[in-house]
Amino acid sequence: MNVQRTRDGQVLVVGGGLVGLTTALVLRHHGVDVTLVEKRATTSPQPKARRLHMRSMEVFRELGLAAAVREAARDLAEHDHMATGRTLADARQLPLWQPTGPGEQPVEASPELPCLVAQDVLEPVLRRAAEDAGARVLFSTELTSFAQDADGVLAALRDRAGRESSLRAAHLVAADGARSPVRAALGIPRSGRGAIGGPQVSVYFHADLSAVVRGREFNLCRLEHPAAPGALASVDGRTRWVFLANGGDPDRDWPALLRTVLGVPAPDLDVRSVLRWQPEELVADRYSDGRVHLVGDAAHVMPPFAALGANTGIDDAHNLGWKLAAVLSGTAAPALLDSYDAERRPAGRFAADQSSRRSADVTSEPDAALAHPFVLAAGGFQYPAGAFVGDGGEAEPVTEFAPAGRVATRVPHRWLGPGRTLSTVDLAGPGWALAVADDPHRWRTDGVPVHRLDADFLSPGEGLLLRPDDVVAWRGTDPTAPAAVRAELLAG
Ligand SMILES: Cc1cc2nc3c(=O)[nH]c(=O)nc-3n(C[C@H](O)[C@H](O)[C@H](O)COP(=O)(O)OP(=O)(O)OC[C@H]3O[C@@H](n4cnc5c(N)ncnc54)[C@H](O)[C@@H]3O)c2cc1C
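Definitions and limits used
- Each chain has its residues counted from 1, following the order in which its sequence is written.
- Under the rules for a predicted model, residues below a pLDDT of 70 receive no local features and side-chain atom pairs below 80 are neither given nor counted, while totals for whole chains, interfaces and linings still include all residues.
- To get the side-chain values, take all heavy atoms of the structure and skip hydrogens and water.
- UniProt positions are given in the numbering used here, feature names are shortened, and annotations may be inferred rather than shown by experiment.
- Strands are runs of DSSP state E lasting at least 2 residues, helices are runs of H or I lasting at least 4, and numbering of each runs from the N terminus.
- The quantity called the radius of gyration is restricted to C-alpha atoms. Its globule counterpart is 2.2 Å times the number of residues to the power 0.38.
- Three exposure classes are used, based on accessible area relative to the maximum for each residue type with a 1.4 Å probe and protein chains only: buried under 20%, partly exposed in between, and exposed over 50%.
- Whether two residues are in contact is decided by their heavy atoms, any of which lying within 4.5 Å being enough.
- Lys and Arg are tallied as positive, Asp and Glu as negative. Neither His nor the chain termini are counted.
- In this description, the location of a charge corresponds to atom NZ of lysine, CZ of arginine, CG of aspartate or CD of glutamate.
- Here a salt bridge means any side-chain nitrogen of Lys or Arg lying within 4 Å of a carboxyl oxygen belonging to Asp or Glu.
- Polar contact is defined as a pair of N or O atoms within 3.5 Å, subject to the rule that within protein one atom must be able to donate a hydrogen and the other to accept it, and that residues adjacent in sequence are counted only when both atoms are side-chain atoms.
- Nearness of a residue to a molecule or strand requires only that one of the residue's heavy atoms be within 4 Å of it.
- Accessible surface is estimated by sampling points in the Shrake-Rupley manner with a 1.4 Å probe; for residues, cover comes only from the protein chains shown.
- Among buried residues, the Ala, Val, Leu, Ile, Met, Phe, Trp, Tyr and Cys ones that are joined through side-chain atoms within 4.5 Å form a nonpolar core.
- For the domain bounds, the source is a domain assignment made automatically or taken from a database.
- For two strands to count as paired, DSSP must find a minimum of two bridges between them.
- Each axis is a line fitted through C-alpha atoms, taken for helices only over the stretch in contact, and angles between the N-to-C directions span 0 to 180 degrees.
- Roughly parallel covers angles under 35 degrees, roughly antiparallel covers those over 145, roughly perpendicular covers 65 to 115, and oblique covers all other angles.
- Should the near helix be turned anticlockwise from the far one by less than a right angle, the crossing is left-handed, and should it be turned clockwise, the crossing is right-handed.
- Here the nonpolar group is Ala, Val, Leu, Ile, Met, Phe, Trp, Tyr, Cys and Pro; Asp, Glu, Lys and Arg are the charged ones; every other residue, Gly included, is treated as polar.

With an unreviewed UniProt entry as reference, the chain is termed 2-polyprenyl-6-methoxyphenol hydroxylase-like FAD-dependent oxidoreductase, source organism Saccharopolyspora hordei. Quoted verbatim from the Cofactor (unreviewed entry) field of the UniProt record, the comment on the chain reads "FAD".

Pasting the structure below:
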């Protein structure tokens, strides 16, 4: 056996999917030394997730990657509509549904628009960016076992050639997917509704349908043909498609069935893969175990109807990243990391519950009892406990989108100045920030940059202390409080 010598590192990320790669990027953004291992030789060959919500785009904006992601997403720009028909040939676009705010006004919730980009297109962009940012990214490398002690984690790795090595890291982040071998090794159970509905089949195929869909482009088209009812998802809007069939039989004559539900001959149709999968709602009972932390599907799985799986994972990475960096640099006590579970596990439960309660039917009216879509898409979840100082104020509403800078929520988006290039969401990250309604010199900040805002959500004399992940850690009028609160939170 050829075992190489042990290497040291600050953080080992296990899993090079969308969430593991984002975790590596967030950690590098905070100056953390990071190694990522991925057992596959390449990024995902499957399109899988396609919708990046506004909040995820805000994370990529902070990482300096929003433009690169949008460039990768150009094929599906203008594909926001839903559509429906018996076959694709006779499908019609549905009107674009615009969520409204109080008073039925359209709301501008974020400096970033959501974007549609298939995971197999996005992941190579993130992989390249992580490498460029200085992460050690090792594909074809599997974590085979690990052990932790008081000082760190010792990980055993094996590459495709069978070469074994070990790596000692201060922390391990498990981004190793729904089956998470790391979560299993730690014996962390999961809770939730389990299977939601019956099994589904995803048929990924190539066929040049550009002439068929031109002028009625769509994100998702519900097809009601009785031979195989389901939904057609645009992957690039021209030649790459996924048909999501109701019912779980993968062994049907898919080329023939697809031609029937498309309603066109599609002579070049080529089925690339047929996957049977079961929508599930399960959330890990603990997100951290000592120096090991779960992110993404390792921590939570949910049905895809609200497009929240990958987006919730990106938020996990953004939340955990600054905390790990603060602890590793000695700025914060290790107890700060307890807030990762306290904040992100309820957020995962909320996202999973909302996803399960949504329907796959794109033609149904949104259910008013469910969370407002922007609460899900623009960071509207309020953490019940964690690294902030509550002010006893009213709770953030859920069925309407009315962000007001409440403690434990993401700061509301407002443009700073007429140029509409800088947002309140840009004030924090990677550092802390203080947003105040009056003379900045009145405030004691201990080095935290202070910004004077003329924003409707700030009352005269008020200030908001923003964490590196844009979450309001404190709000009030005492000019000495922000420095004391920050010190208290970092002490854990
Ligand atoms: C049909 C479908 C549609 C979806 N649509 C959406 C959507 O529109 N929006 C959305 O947000 N989400 C969607 N999702 C969910 C989304 O795809 C997942 O939430 C997302 O891929 C999770 O990313 P991840 O990085 O956590 O896990 P994964 O992408 O599963 O990555 C885990 C990685 O870990 C690697 N790994 C595992 N064990 C080891 C080991 N021991 N050593 C090294 N590497 C290891 C695996 O090889 C894998 O690459 C969809 C899912 C499906 C199936």
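That was the structure; now back to the text.
### A short note on the overall build of the chain
Of the regular secondary structure elements, the chain holds eleven helices and 24 strands. Relative to the 2.2 N^0.38 estimate, which gives 23 Å for 492 residues, the radius of gyration of the chain is 23 Å and therefore close to what a compact globule would have. With the C-alpha coordinates of the chain rotated into their principal frame, the extents come out at 70 × 70 × 40 Å. For the chain, the proportion of its 492 residues judged to be buried stands at 55%. Once local pairs closer than 6 in sequence are excluded, the contacts in the chain between residues at least 24 apart make up 70%. Positive and negative side-chain charges in the chain, numbering 52 and 61 respectively, have mean positions lying 4 Å apart.

### Examining the side chain of Arg358
Relative to the helices and strands, Arg358 is located in the loop between α9 (338-356) and α10 (373-377). Look at Arg358: it is buried, it has no salt bridge, and the nearest opposite charge is Asp353 at 7.8 Å. Within the local environment of Arg358, its side chain forms a polar contact with the side chain of Gln354, the two groups lying 2.7 Å apart.

### Quick look at unusual backbone geometry
Cis geometry is found at the peptide bond from Gly429 to Pro430, where omega equals 5°. One can find Pro430 in the loop between α10 and β21 (433-436).

### Concerning the site of the ligand
Taken together, 32 residues surround the ligand, and among them Val19, Glu38, Gln119, Asp297 and Ala310 come closest. Here an oxygen atom of the ligand sits 3.5 Å away from a polar atom, N or O, in the side chain of Lys48. In the model, an oxygen atom of the ligand is placed 2.7 Å from a nitrogen or oxygen of the Ala310 main chain. Within the complex, the protein chains bury 87% of what would otherwise be the 1000 Å² of accessible surface of the ligand. Contributions of two or more residues to the shell around the ligand are made by α1 (18-29), β8 (141-148) and α8 (309-328).

### Details of the nonpolar core
Within the largest apolar cluster, 96 residues are counted, with the highest numbers of intra-cluster contacts made by Leu12, Leu52, Phe60, Val69 and Leu172. The residues that make up this core include at least three from each of domain 1 (7-73 + 118-193 + 281-356) and domain 3 (382-492). Once residues lying within four places of it in the same chain are set aside, the contact partners of Leu172 are Leu12, Val14, Phe146, Val153, Val182, Arg291, Val292 and His293.

### Quick look at the sheet that holds strand β16 (residues 270-277)
Across the sheet, seven strands lie side by side as β5-β4-β13-β14-β15-β12-β16; this open sheet has mixed pairing. Of all the strands in the sheet, just β5 (92-93) and β16 have a single pairing partner and so form its edges. Bridging between strand β12 (residues 200-206) and strand β15 (residues 240-246) involves seven bridges; their strand directions are antiparallel. If you follow Ser202 over to β15, its bridge partner there is Leu244.

### Let's talk about the packing of α1 against α8
Relative to each other, α1 and α8 sit at 30°, their axes nearing to 9 Å. Here α1 is positioned roughly parallel relative to α8, judged by the angle of their axes. Between α1 and α8 lies a crossing whose hand is right-handed. Along the contact surface, α1 presents Leu18, Val19, Thr22, Thr23, Val26 and Leu27, while α8 presents Ala310, Gly313, Ile314, Ala317, His318, Gly321 and Leu324. Each residue belonging to the contact of α1 with α8 can be placed in one class, and the counts come to eight nonpolar, five polar and no charged.

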